[in-house]
Amino acid sequence: MAGTIAILGAGAWGTALAITLARNGHDAVLCARRDDLINDLKRARENSAYLPGVPIPENVALTDSWTDAVASSTTVVMAVPSRFARASIANVASAIHDDSIIVSATKGVEEGSLATMS
């Protein structure tokens, strides 16, 4: 199943995954929550806050609309900190297609419940 890959979370890990996917010929959309971060990413085509010195390829789209990103993607990669994973996926779950592939790149356990990311 070819198509766009949405990476949820624009920290160092999410940005590195988006760059790696793009360098390997995939169309990716990197999703950031904070307006200031997404504006910086778009302006500099680099994540100077979390991954300075590494350019973001042109085939990585940048957005703060996570719902639109997952709705137009065939694969969704969760790369948010574990403490935000449940809320992040809950906010976009209804936009994810039934046949989409979901990849968890989130490490750790959920605070409180101690549930693993799987």
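Use the structure listed above.
Residues numbered from 1 in each chain as written. Predicted model: local features only at pLDDT ≥ 70, side-chain atom pairs only at ≥ 80, totals over all residues. Heavy atoms only, no water.

1. Topic: the sheet that holds strand β7 (residues 101-104)
Spatially, 5 strands are ordered β5-β2-β1-β6-β7 in an open sheet, and the strand pairing comes out parallel. The open sheet has two edge strands, β5 (60-63) and β7, and neither has a second partner. Sheet twist, expressed as the mean angle between neighbouring strand axes with direction ignored, is 20 degrees. One ladder, built from 4 bridges, connects strand β1 (residues 5-8) with strand β2 (residues 28-31); its direction is parallel. Directly across from Ala 6, in β2, lies its bridge partner Val 29. Strand contacts of helix α2 (residues 35-44): β2 and β5, with the helix running at about 145 degrees to β5, the strand carrying the most contacts. (Pairing = 2+ DSSP bridges. Helix = DSSP H or I, 4+ residues; strand = E, 2+ residues; numbered from the N terminus. Axes fitted to C-alpha atoms, helices over the stretch in contact; angles between N-to-C directions. Contact = heavy atoms within 4.5 Å.)

2. Describing unusual backbone geometry
Positive phi outside glycine occurs at Arg 45, with the angle close to 55 degrees. When you line up the elements, Arg 45 lands in the loop between α2 and β3 (46-47).

Remember, this is a structural readout, not a statement about activity or role.
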